[in-house]
Every structure is written in structure tokens, then in C-alpha cells.
Amino acid sequence: LVIDNAATQAPCPPPPSASPLMCFQIRRHRRPWIREEEGLAEIIAACAQKWPNAGFIIDGHSTSPGIIAVKDSEIAAEREFFTRLQARLGVVRLHSTIGMDVNAKINILKHADLFCGPIGSGGVLSSWLLRKPTVAYGPTSTYGLVAEQEDKVPEGGGMAVCVPQACIADIDNAASAYDFDAQEVIKLIAAIVEGSSLGAAKASSPS
């Protein structure tokens, strides 16, 4: 019902043809990955080299008609992040859904083959609603919540696989900041793309 409503409310053309089409969701405000910009540049560059026909979408906050504009400053910061990330990657072209109407965003992101992003950011959209494999990461304090919720996802079960908790380094407990090696995400993405299933990614991820 949500997907059908989005198609009616905000029809828009699909993103450029790409295979695989990957969406990277960013989080700049709370529970930050302290090297998000450098890490995503490393991950996307590696994916572009491994799969030359791949496409990349960078997603952030959504908007909706009539809502109070409380996220404008955060959306502006996300757009600045996107500009810096594109500059880092040079010829690897990125597409942005940052600040888009949520229905228009659904109409674009439903074409993605997999998602990658922070725990507590976009899993409901990618895993629960769109039913797409999702690589997730976050501070170790969030891993128990993921383990509990993924077993209770309605209509087919969870689609998320996390960077192994043992690979996460908590940096600032007060801010829930964390860090990890971007190679851990690259390995999980490769397992999903090459195995064409979330099960392959889970099998490659140590408990």
C-alpha cells in the first residue's frame, strides 16, 4: 500500500540504468561513523572498480509537503557532504536523493539492488518496506536492538546484515561515535552481489 501510494503521489522517472544499483544512506547528526566521508569514498571506489556497471545513490533526510522545516540545516549539511564525496570520487558519478519528498524517494529507491547505512537510519525503508538486502553498522550499543528486531520483521523476515560487532570500535560513548574498517562493508557487499542473496552475506560474516 505504501509503495502503491508513493507511485500515485509522486511519480518520477527511474534512476539511470545500473547493475548493481547501490544506495548508501548517510548519518551526520547522531551516532556518527567518525570516518564516514573517507569510508564511503573507499567503499564506493572499490565497488566501482569491481563492478564497472554499478550505480550509486547517496540518501539522507527526507521531506514531505506541509511539514515544519526542522531538518533544513541538516539537509544542507548532507548536501555539502555529497559535494565533497563526489569530489573525492572524481569520475565515479553519484546520484542524490537527499532532501527529496519521501514518496518520490521511494519511487527511486525501489529500483536499488542493495542498501548500506547506519543502524537506526533507514532500515525500515530498505529492509522492511522495500525488502532489499541491507548492510548496516553502528555503535556496539545498537547491536542488541538489531538482533531483537530482525527476528520480528513482518512479511518475510529481516533483510539486514551487520558489520560484525567485534569489528566496531566505540570512540565516544557519550556521543555514540564509532569507527570500523571500510573493508568489512566491502566484503559484505561482495557477498550479496556475487551470491545474489542475503544468506551468502550472513554466511561470510563471523558471529
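In this text the structure is predicted, and so the values were computed from the model without any measurement.

(A) Structural context of the confidence of the model for the protein chain. For the protein chain, per-residue confidence averages 87 on the pLDDT scale, and residues scoring 70 or more make up 89% of the total. Across residues 197–207 the pLDDT falls below 50, and counting only partners more than four positions away or on other chains, this stretch makes 23 contacts in the model.

(B) Spotlight on the packing of aromatic side chains. Under the defined criterion, the tally for this structure stands at five aromatic pairs. Aromatic pair W33 and F180: ring centres 4.2 Å apart, planes at 20°, arrangement stacked. Taken together, the positions of W33 in the loop between β1 (21–25) and α2 (36–50) and F180 in the loop between β8 (177–179) and α7 (183–195) put the pair 147 residues apart, joining distant regions of the chain. What links up through ring pairs into an aromatic cluster is the set W33, Y137, Y178 and F180.

(C) Highlighting unusual backbone geometry. A cis amide bond links S19 to the next residue, P20, at an omega of -5°. Here R31, not a glycine, exhibits a phi torsion of approximately 50°, which is positive. Along the polypeptide, R31 turns up in the loop between β1 and α2. Owing to a relative accessible area of 21%, R31 belongs among the partly exposed residues under this scheme. In this model, R131 sits at a positive phi of 60°, which is unusual for a non-glycine residue. The topology assignment puts R131 in the loop between α5 (123–129) and β5 (134–137).

(D) Quick look at the sheet that holds strand β3 (residues 94–96). Strand order in this open sheet of six strands is β3-β2-β1-β4-β5-β6, and the pairing throughout is parallel. If you trace the sheet from one side to the other, it starts and ends with β3 and β6 (160–162), each paired once. Sheet twist, expressed as the average angle between the axes of neighbouring strands with direction ignored, equals 25°. As judged from the three bridges shared by β5 and β6, these two strands associate in the parallel manner. Residue pairing in the sheet places V135 in a bridge with V161 of β6. Where α7 meets the sheet, it contacts β1, β4 (114–118), β5 and β6, and its direction lies at approximately 165° from that of β5.

(E) How the structure looks around the packing of α2 against α7. Where α2 meets α7, the axes come as close as 9 Å, and the angle between the chain directions of the two elements is 35°. As for how α2 packs across α7, the hand of that crossing is right-handed. Between α2, through E42, I43, A46, C47 and K50, and α7, the contact on the second element is made entirely by Q183, V185, I186, I189, A190 and E194. Taken together, the residues of the contact of α2 with α7 break down into seven nonpolar, one polar and three charged.

About the criteria used
Position numbers for residues start from 1 in each chain and track the written sequence from start to end. Only residues with pLDDT of at least 70 get local features here, since the model is predicted, and only at 80 or more are side-chain atom pairs given and counted; chain-wide, interface and lining totals rely on the full set of residues. Processing note: side-chain calculations cover all non-hydrogen atoms of the structure and skip hydrogens and water entirely. The quantity called pLDDT is the predictor's confidence in a given residue, expressed from 0 to 100. Residue contacts are defined here by distance: any two heavy atoms, one from each residue, within 4.5 Å place the two residues in contact. By convention, a stacked pair of Phe, Tyr or Trp rings (six-membered ring in the case of Trp) has centres within 6.5 Å and planes under 30 degrees apart, an edge-to-face pair has planes over 60 apart, and any other such pair is tilted. Secondary structure elements are taken from DSSP: a helix is a run of H or I of four residues or more, a strand is a run of E of two residues or more, and numbering for both begins at the N terminus. The cut-offs for exposure are 20% and 50% of the maximum accessible area for each residue type, with area from a 1.4 Å probe on protein chains only; residues under the lower value are buried, those over the upper are exposed, and the others partly exposed. Any two strands between which DSSP finds at least two bridges are classified as paired. All axes are obtained by fitting lines to C-alpha atoms, using only the stretch in contact for helices, and the reported angles, taken between N-to-C directions, cover 0 to 180 degrees. Left-handed is the label given to a crossing in which the near helix is rotated counterclockwise from the far helix by less than a right angle, and right-handed is the label when the rotation is clockwise. Residue polarity is assigned by list, with Asp, Glu, Lys and Arg as charged and Ala, Val, Leu, Ile, Met, Phe, Trp, Tyr, Cys and Pro as nonpolar; anything else, Gly included, falls into the polar class.

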